[in-house]
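Geometric and topological summary
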Amino acid sequence: KFIICNNLKKMKKIYNLLIIFLFASCHSQKKEKCLIELEKKLSPKPNQEIVQGEIINIRDNLNCIEWDSLVVVMASNNRELIEKNSNIEIPYSLDINTYFLNDQDAYIFFLKNNKAINHIHIVTTCKKDQTCKTFDFFTLQKNHLNAFVAKKDAVFEVYTEIVTDNKGNSWKRENAIRIKN
């Protein structure tokens, strides 16, 4: 009788700890409404038109979290590589999928004192037979490194960039993103 009672007490404690852990885990991964809206705005959709000169004002429109800078991370970066190359800490409570769907996918991490406090995942949702224009965040990066932007500078503009490779071949990179001056 004593052993059964002791086991029930232990099971009850474990059950309570499990409930607390699950609640804390779910709570820490909650995304604020303004982040969800920004993620929807920046994630490409079928037949979406992106207007040259369009302004994306993250600085003034993202007030639901306290942040001081952001970093844009493009495809093919896993958590460890992002942390190493960016010198930032990404808590495991931020659930990131490091298996990107395509090379247009990106993460924008919002930082406070070089620690990621939240993020959005920009995912292309277009099928192969659909026209899909994406915001080209790759142009923010210098030499393929992650793009750090201070909050005061987080107002972006869509433009067309003329790119020339080392062989002299040129092409247009439409929907490129740059910091608005």
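**A look at the confidence of the model for the chain**
With 72% of its residues at a pLDDT of 70 or more, the chain shows a mean pLDDT of 76. Between the elements of the chain, mean pLDDT differs from a low of 52, seen in helix α1 (residues 2-28), to a high of 94, seen in helix α3 (residues 58-61). Low pLDDT (under 50) marks residues 21-29, which in the prediction has three contacts with non-local residues, meaning those over four places away or in another chain.

**What to know about the nonpolar core**
Ranked by internal contacts, the top residues of the largest apolar core, which has 27 residues, are L42, I58, L70, I108, F110, F137 and F156. Counting only elements with at least two residues in this core, the list comes to α2 (33-42), β2 (69-74), β3 (106-112), β4 (115-122), β5 (147-150) and β6 (155-164). No other element matches the four residues that α2 contributes to this core. Look past the residues within four positions of L70 in its chain and what remains in contact with it is I58, I108, F109, F110, A147, F148, V149, A154 and F156.

**With respect to the sheet that holds strand β1 (residues 55-57)**
Read from one edge of the open sheet, three strands run β1-β6-β7, paired in antiparallel fashion. Two strands in the sheet have a free side with no partner beyond their single neighbour: β1 and β7 (170-179). Taking the axes of each pair of neighbouring strands and ignoring which way they run, one obtains an average angle of 35 degrees across the sheet. The pairing of β1 with β6 spans three bridges and is classified as antiparallel. Note that in β6 the partner of I55 across the bridge is E157.

**A closer look at the pairing of β5**
Of the two faces of β5, the one lined by A147 and V149 is fully buried and the one lined by F148 and A150 carries no buried residue. Summarising the sheet, β2 and β5 pair through four bridges and their orientation is antiparallel. The partner of V71 across the bridge, within β5, is F148.

**Focus: the pattern of salt bridges**
One side chain can pair with another of opposite charge once the charged atoms of both are near each other. Under the criterion given, the structure shown has six salt bridges. Two residues, K33 and E37, come together in a salt bridge whose shortest N-O distance is 4.0 Å. Separated by four residues within a single helix, K33 and E37 lie in helix α2, roughly one turn from each other. Accessibility expressed as a relative area gives 45% for E37, which makes it partly exposed. Taking the shortest distance from any N to any O, the salt bridge between D153 and K152 comes out at 3.3 Å. For D153, a relative accessible area of 29% corresponds to the partly exposed category.

**Notes on the state of the cysteines**
Summed over all chains, the structure comprises one disulfide. The disulfide bridge from C34 ends at C64, spanning 1.7 Å between sulfur atoms. With the S-S bond torsion at -55 degrees, the cross-link from C34 to C64 turns out left-handed. Here C34 is found in helix α2, whereas its partner C64 is found in the loop between α3 and β2, with 30 residues between them in sequence. Residue C64 is classed as partly exposed on the basis of its relative accessible area of 31%.

**Re α2**
C34, L35, L38, E39 and L42 are the residues of α2 that are buried. With its buried residues spanning 140 degrees around the axis, α2 presents them on a single face. In α2, the exposed residues that point more than 90 degrees away from the buried face are K33 and K40. Buried-residue contacts for α2 involve β1, α3, β3 and β4.

What counts as what
- Residues numbered from 1 in each chain as written.
- Predicted model: local features only at pLDDT ≥ 70, side-chain atom pairs only at ≥ 80, totals over all residues.
- Heavy atoms only, no water.
- pLDDT = per-residue confidence, 0-100.
- Helix = DSSP H or I, 4+ residues; strand = E, 2+ residues; numbered from the N terminus.
- Contact = heavy atoms within 4.5 Å.
- Core = buried A, V, L, I, M, F, W, Y, C linked by side-chain atoms within 4.5 Å.
- Buried < 20%, exposed > 50% of the residue type's maximum accessible area, 1.4 Å probe, protein only.
- Pairing = 2+ DSSP bridges.
- Axes fitted to C-alpha atoms, helices over the stretch in contact; angles between N-to-C directions.
- Salt bridge = Lys/Arg side-chain N within 4 Å of Asp/Glu carboxyl O.
- Disulfide = S-S within 2.5 Å.
- Arc of directions from axis to C-beta.

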